[in-house]
Amino acid sequence: MKSRFLLLLTLSSTLLLAACGEKTAAPAAPAPQPEPEPSIPKYSAEVFYETTTYVLASGAGHAFSPGGDKVLISSDASGVFNAYALPVDGGEPQPLTTSTDNTMFAISWFPKDERILFTYDEGGNELNHVLVRETDGALHDLTPGENLKAAFLAWSDDGQHFYLTSTERNGQAFDVYRYATADYSRELVFENPGLQVAAISGDGRWLALDKPRTSADSDIYVVDLAAAEPEPTLVTAHEGNVAHGTYAIRPDNETLVYATNEHGEFNQAWTLDLLSGEKAPLIEADWDVSYVSWSTNGRYRVVGVNADARTEVTITDTVHGTELELPELPPGDLRNIRFDIDQGQIALIVNADDSPSNVWHIDLTAGEATPLTDALNPSIDPEHQVRSEIVRYSSFDGLKIPAVLYKPHGASAANPAPALVWVHGGPGGQTRTGYSATIQHLVNHGYAVLGANNRGSSGYGKTFFHLDDRRHGEEDLQDIVWGRKYLESLDWVDGEKIGVIGGSYGGYMVAAALAFEPEVFDVGIDIFGVTNWVRTLESIPPWWESFKEALYDEMGDPATDAERHRRISPLFHADNIIKPLLVIQGANDPRVLQVESDELVEAVRANEVPVEYVVFPDEGHGFTKKANRITASKAYVSFLDRYLMSD
């Protein structure tokens, strides 16, 4: 507002001098002006979502076919995720599943033939089954039954067996089953007492289990399945709050590789000799070590480090002790790094803010990298995409809040853009760099986006991560409020037109901002957000049982903290909401039930406040079908155009 006023004042003074005929000195030669930025067309949501999403098959399985001539991927090219075989010579992807309804994600080729494993759920209900596709195209459900959740764990070293987990016994605990590759006969190898299954050794002897005790304290147990009476044994005894978690069991079948923050703010990678019990540091970094994995026989070690919302990847040749130098690849994060069984080929994903995920093939012998996909819709000029900037702003108490900032083309002091504070899920999630069709659509239509990593976000050390424990909707909400203040300080942002948007816990923060700070944001977009913590914490899915204690430690136990949960729940304060609200919900969401959104919408409409509501009958906690993602993205932009841009 101030900059507009000063601009008008300067213009008015100049006109007044000219009108009075007052003599002035001859003006100096005008300074050279920058070339105006060319006009950027506004693309529709349909155009952005004609961009294809590619994901490589699970790292615990075989992404390369036995002959090494194809990689197994998942793609939403048809509008629904299906499994495809992608030739490494650059041919077109060949569909292996053809669902038009339920999303199907590829897991693995079989080691010695071209059968595949894949998984699906029904309409986003998260009750996943694991299926095999035979070489003749026939499908066979390996985990039949109702109200169970199953997942792939690993292959045996000899390829004669694979391991799946399933909650079929009691709906809560993930038991471990070993399946025969030849005929799918199976046996129960571990009845889980309620821990999180993390990894199994390739020889089938060792099983690693994680146990989150609180949000700050967790342990690892190991089971020797070869023992007469296999029992979980604690291997991370410690004092105080220390977080532990399993990365992998190394291909030598004798070494557990695990995460610990015992020695500093960030997760380091340590090793545990499963026979001697000896521990040793493996990888230390100035950020969290996100993952550690190996090629099939262990020659190559892959490490990902979460470096300020980007992933830095290092591949080490353990035979020579040197870093593997990859052929030149486009800028961006490397994801889904997969070796073939002979370790002469790599398939991986390259993803950047302005470039969606593409599959690349690397021939290590020839030292050549070749793109196998071109994900971006050719109707979009790549130069019209926007790259982010990592920024930090001060919150109410001086704490620096990391954030990812997207500036629309053409935004300037003379042409300020309306803006949104984007709040991630979690609560302990993180807004990271990388391609988002939703964000690119918003920015293309003139909306700046600030992806705030409020206190409680992961990736910035354990102290920062725990600053919001049992303080949700309080200090972390103020970090979002101060995100608006930061946006107002940017001369290219219209400080009078700033909204808030988020999904899951971020959706909760949207509703909380409108209810508890009703004058701060001009609009809100709540994407399947929690509105009633009392009910949500009492209705968590049964398969969350293994980390319920940790969840309650962070959020509060509904048996003892119901009063606080009611106090921070937007539903019970919805009469405070006075700004336009858009709510998006999946009908099959098992985490945030549809009733959460139904009741909020009803309550806010009673205030005679504009509310728009979109429910997808075939989605859950997150939208996987391309048509639904288009509908949601269109709803965001049309709502903002109506209530924020034109305000």
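Above: the structure in question.
Residues numbered from 1 in each chain as written. Predicted model: local features only at pLDDT ≥ 70, side-chain atom pairs only at ≥ 80, totals over all residues. Heavy atoms only, no water.

Q: When you look at the overall build of the protein chain in this model, what are you seeing that I'm missing?
A: Along its length, the protein chain carries 11 helices and 36 strands. Rg of the C-alpha trace for the protein chain: 27 Å, near the compact-globule value of 26 Å for 647 residues, within the 12% margin. Viewed in the frame of its principal axes, the protein chain has a C-alpha envelope of about 100 × 60 × 50 Å. For the protein chain, the accessible surface area stands at approximately 27500 Å², while carbon and sulfur atoms represent 50% of it. Charged side chains of the protein chain number 47 positive and 95 negative; the gap between the two group centres comes to 4 Å. (Helix = DSSP H or I, 4+ residues; strand = E, 2+ residues; numbered from the N terminus. Rg over C-alpha atoms; globule rule 2.2 N^0.38 Å. Areas by Shrake-Rupley, 256 points an atom, 1.4 Å probe, with all protein chains shown as cover. Lys, Arg positive; Asp, Glu negative; His and termini not counted. Charge placed at Lys NZ, Arg CZ, Asp CG, Glu CD.)

Q: I would appreciate a short explanation of the side chain of T103 in the present structure.
A: Looking at the element boundaries, T103 is found in the loop between β4 (94-95) and β5 (104-109). The buried category is assigned to T103, whose relative accessible area is 5%. Setting aside chain neighbours within four positions, we find T103 in contact with V80, F81, T119, Y120, D121 and T624. (Buried < 20%, exposed > 50% of the residue type's maximum accessible area, 1.4 Å probe, protein only. Contact = heavy atoms within 4.5 Å.)

Q: Mind showing me how you'd approach the nonpolar core here?
A: A general tendency of soluble globular proteins is for nonpolar side chains to be buried together. Counting residues in hydrophobic clusters, the biggest one holds 83 residues, and the most contacted among them are L442, L487, F521, I584, Y636 and L640. Looking at this core, the element that brings in the most residues is helix α6 (residues 505-516), giving nine residues. (Core = buried A, V, L, I, M, F, W, Y, C linked by side-chain atoms within 4.5 Å.)

Q: Looking at this structure, how should I read the pattern of salt bridges?
A: Pairs may arise between side chains of opposite charge once their charged atoms sit close together. Per the counting criterion, the structure on display carries 29 salt bridges. Between D522 and R484 there is a salt bridge, with the nearest N and O atoms lying 2.9 Å from each other. Taken together, the positions of D522 in the loop between α6 and β34 (524-527) and R484 in helix α5 (residues 475-488) put the pair 38 residues apart, joining distant regions of the chain. As far as burial versus exposure is concerned, D522 and R484 are alike and both buried. Between R642 and E612 there is a salt bridge, with its nearest N and O atoms 2.4 Å apart. In this pair, R642 is assigned in helix α11 (residues 626-645) and E612 in strand β36 (residues 611-616), connecting sequence segments 30 residues apart. Linked through salt bridges whose partners overlap, the residues forming this network are R471, E474, E475 and R567. (Salt bridge = Lys/Arg side-chain N within 4 Å of Asp/Glu carboxyl O.)

Q: In this structure, what is going on with the packing of helix α3 (residues 437-444) against α11? I would like to understand it.
A: Each pair of packed helices gets described by two things: the angle between the helix axes and the distance between those axes. Close contact between α3 and α11 brings their axes to 10 Å; oriented N to C, the two are set at 25 degrees. When the interaxial angle is binned, α3 and α11 end up roughly parallel. As α3 packs across α11, the resulting crossing turns out to be right-handed. Contacts between α3 and α11 pair T438, H441 and L442 from the former with S633, K634, Y636, V637 and L640 from the latter. By residue class, the composition of the contact of α3 with α11 is four nonpolar, three polar and one charged. (Axes fitted to C-alpha atoms, helices over the stretch in contact; angles between N-to-C directions. Parallel < 35°, antiparallel > 145°, perpendicular 65-115°, else oblique. Left-handed = near helix turned anticlockwise from the far one by under 90°. Nonpolar A, V, L, I, M, F, W, Y, C, P; charged D, E, K, R; others polar.)

Q: How should I be thinking about the sheet that holds strand β11 (residues 175-180) in this particular structure?
A: In a beta sheet, neighbouring strands pair by backbone hydrogen bonds and run either parallel or antiparallel. Read from one edge of the open sheet, four strands run β9-β10-β11-β12, paired in antiparallel fashion. Two strands lie at the open edges of the sheet, namely β9 (150-155) and β12 (186-190), each paired on one side alone. Across this sheet, the average inter-strand angle for adjacent strands is 30 degrees, counted without regard to direction. Across five bridges, β9 lies against strand β10 (residues 161-166) in antiparallel orientation. Paired with W155 across the two strands is F162, which belongs to β10. (Pairing = 2+ DSSP bridges.)

Q: Is there a simple way to explain the packing of α5 against α6 in this structure?
A: Close contact between α5 and α6 brings their axes to 10 Å; oriented N to C, the two are set at 80 degrees. It follows from the interaxial angle that α5 and α6 lie roughly perpendicular. The residues of α6 that touch α5, namely those facing D476, L477 and I480, are Y505, M509, A512, A513 and F516. For the contact of α5 with α6, a count of residues per class yields seven nonpolar, no polar and one charged.

Q: Explain helix α9 (residues 558-568) to me, please; I cannot follow it from the model alone.
A: Given 3.6 residues per turn, any residue in an α-helix points the same way as the ones three and four places further on. Looking only at α9, the buried set comprises P558, D561, R564, H565 and I568. With its buried residues spanning 130 degrees around the axis, α9 presents them on a single face. Lining the buried residues of α9 we find α6, α7 (533-538) and α8 (548-555). (Arc of directions from axis to C-beta.)

Q: Just checking my understanding: could you explain the pairing of strand β19 (residues 268-273) for this structure?
A: Side-chain positions along a regular strand alternate between the two faces of the sheet. Buried residues dominate β19, accounting for five of its six residues. Bridge count for β19 against strand β20 (residues 279-283) is four bridges, and the pairing is antiparallel. The partner of W270 across the bridge, within β20, is P281. Following β19, the chain reverses through five residues before pairing antiparallel with β20; G277 in that reversal takes a positive phi of roughly 85 degrees.

Q: Please clarify how the packing of aromatic side chains should be interpreted in this entry.
A: Given two aromatic rings, one states the distance between the centres and the angle between the planes to describe the pair. Across all of its chains, the model carries 18 aromatic pairs by this definition. Here the aromatic rings of F110 and W155 are separated by 5.0 Å at their centres, their planes lie at 75 degrees, and the arrangement is edge-to-face. Linking F110 in the loop between β5 and β6 (116-120) with W155 in strand β9, this pair joins segments that are 45 residues apart in sequence. Exposure class is identical for F110 and W155. Each is buried. Note on F616 and F623: the rings are 4.9 Å apart at their centroids and 70 degrees apart in plane angle, and the pair reads as edge-to-face. Classification of F616 by relative accessible area gives buried; the value is 4%. Taken together, the ring pairs connect F110, F152, W155, F162 and Y179 into an aromatic cluster. Stacked on the ring of W482, the Lys or Arg K485 has its end atom at 5.1 Å from the ring centre. (Phe/Tyr/Trp six-rings, centres within 6.5 Å; stacked < 30°, edge-to-face > 60°. Lys NZ or Arg CZ within 6 Å of the ring centre and 35° of its normal.)

Q: Any chance you could explain the environment of N82 here in plain terms?
A: Inspection of the secondary structure puts N82 in strand β3 (residues 82-87). A residue is classified by how much of its surface remains accessible, and N82, at 1% relative accessible area, is buried. C-alpha of N82 to C-alpha of T98: the two residues are 16 residues apart in sequence and 6.3 Å apart in space.

Q: Can you help me understand α5 in this one?
A: Helix length check: α5, at 14 residues, gives a terminal C-alpha distance of 20 Å against a target of 20 Å (1.5 Å per residue), a fit within 8%. Taking burial as the measure, the 14 residues of α5 include 10 buried ones, the bulk of the element. Among the residues of α5, E475, D476, L477, D479, I480, V481, G483, R484, Y486 and L487 are the ones counted as buried. Buried residues along α5 sit in contact with β29 (388-394), β30 (400-406), β31 (417-423), β32 (448-452), β33 (493-503) and α6. (Expected span 1.5 Å × (residues − 1).)

Q: Is there a simple way to explain unusual backbone geometry in this structure?
A: When glycine is set aside, most residues are seen to have a negative phi, and most peptide bonds are trans. In this structure, P427 follows G426 across a cis peptide bond, with omega equal to 20 degrees. In this structure, P427 sits in the loop between β31 and α3. Backbone geometry at N336 places phi at a positive 50 degrees, although glycine is not the residue there. Tracing the sequence through the fold places N336 in strand β25 (residues 333-339). Looking at N336, the relative accessible area reads 23%, which means it is partly exposed.

Fair warning: the whole summary comes from geometry, so function is off the table for now.
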